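# Descriptive structure summary
Each chain, written out:
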Amino acid sequence: MAARGVSGFQKFLQSETGPKTIHFWAPVMKWALVFAGISDLNRPVESLSGTQQLALFATGAIWTRWCLIIKPKNYLLASVNFFLGTVASVQLSRLFVYNRSQGKSYAETFQALFSQPPPQPKLPVPAPAAA
């Protein structure tokens, strides 16, 4: 006997936040940022950017809330933004603990987090040849 109603999968396909809309694919692609942040947990803390992590944290916090206000509510986008903010907050705490362990005061630590000098080149620049 065939079912009279629409299957759950059909409802998902036709929903306002289903795979036929940008409301589905944008969050799916945004997971790449979360995975990149997770892989950065293995990087040395000196190579992390405090300003970048602050921007990712703010993005995650603001958009998580926004996704629960807008209609249609987009729980997939809210979840990816929540995890983006969480990973960024872990990285910010790593930066904070590292700077404090270097003997910096709280003011110096916050300044170091958000005004990092540009990274130095890793390869020495050859001297110009004598003419």
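Whatever comes next refers back to the structure up there.
Keep in mind that what you see is a predicted model, and the values were worked out from it rather than measured. (Residues numbered from 1 in each chain as written. Predicted model: local features only at pLDDT ≥ 70, side-chain atom pairs only at ≥ 80, totals over all residues. Heavy atoms only, no water.)

## Structural notes on the overall build of the protein
As a reminder of what qualifies: The numbering of helices and of strands both runs from the N terminus, where a helix is a DSSP run of H or I of at least 4 residues and a strand a run of E of at least 2. Burial classification: accessible surface area is computed with a 1.4 Å probe over protein chains only, and a residue below 20% of its type maximum counts as buried, one above 50% as exposed, and the rest as partly exposed. In what follows, residue pairs with any heavy atoms lying within 4.5 Å of each other are defined as contacts. In this description, accessible areas are obtained by the Shrake-Rupley approach with a 1.4 Å probe, and a residue is regarded as covered only by the protein chains that are shown.
Looking only at helices and strands, the protein features five helices and zero strands. Ordered by position from the N terminus, the helices and strands of the protein form the series α-α-α-α-α. In the protein, which comprises 131 residues, the share counted as buried stands at 24%. Summarising the internal contacts of the protein: among those between residues at least 6 apart in sequence, 63% fall at separations of at least 24. Here the protein displays about 9,400 Å² of accessible surface, and carbon together with sulfur accounts for 68% of that area.

## Describing helix 5 (residues 106–114)
The criterion, for reference: To obtain the arc, one takes the directions from the helix axis to the C-beta atoms.
Those residues of helix 5 that fall on the buried side of the exposure criterion are Thr109, Ala112 and Leu113. The buried residues of helix 5 occupy an angular sector of 100° when the element is viewed end-on, so they sit on one face. Opposite the buried face of helix 5, by more than 90 degrees, sit the exposed residues Ala107 and Gln111. On its buried face, helix 5 is in contact with helix 3 (50–67) and helix 4 (75–101).

## Examining the nonpolar core
Keep this limit in mind: Throughout, nonpolar core names a set of buried Ala, Val, Leu, Ile, Met, Phe, Trp, Tyr and Cys residues whose side chains join them through atoms within 4.5 Å.
Counting residues in hydrophobic clusters, the biggest one holds seven residues: Val34, Cys67, Leu77, Ala78, Val80, Leu84 and Val87. Here this core takes five residues from helix 4, the largest share from any one element. Excluding anything up to four places from it in sequence, Ala78 contacts Thr64, Cys67 and Leu68.

## Comments concerning the side chain of Asn74
Note on placement: Asn74 falls in the loop between helix 3 and helix 4. By relative accessible area, which is 4% here, Asn74 ends up buried.

## Section: the packing of helix 4 against helix 5
Note the threshold: Angles here are taken between N-to-C directions and fall from 0 to 180 degrees, while the axes themselves are lines fitted to C-alpha atoms, restricted in helices to the stretch in contact. When describing relative orientation, an angle under 35 degrees is termed roughly parallel and one over 145 degrees roughly antiparallel, while 65 to 115 degrees is termed roughly perpendicular and anything else oblique. Each crossing gets its handedness from the near helix: less than a right angle anticlockwise from the far helix is left-handed, clockwise is right-handed. Classes in brief: Ala, Val, Leu, Ile, Met, Phe, Trp, Tyr, Cys and Pro nonpolar; Asp, Glu, Lys and Arg charged; the others, Gly included, polar.
Relative orientation of the contacting elements helix 4 and helix 5 amounts to 130°, with a least axis distance of 9 Å. Considered as vectors, helix 4 and helix 5 are oriented oblique to each other. Along this stretch, helix 4 crosses helix 5, giving a crossing that reads as right-handed. Where helix 4 abuts helix 5, its residues Leu92, Leu95, Phe96, Asn99 and Arg100 lie against Tyr106, Thr109, Phe110, Ala112, Leu113 and Phe114. Split into classes, the residues belonging to the contact of helix 4 with helix 5 amount to eight nonpolar, two polar and one charged.

Limitation: the analysis is restricted to geometry and does not speak to function.
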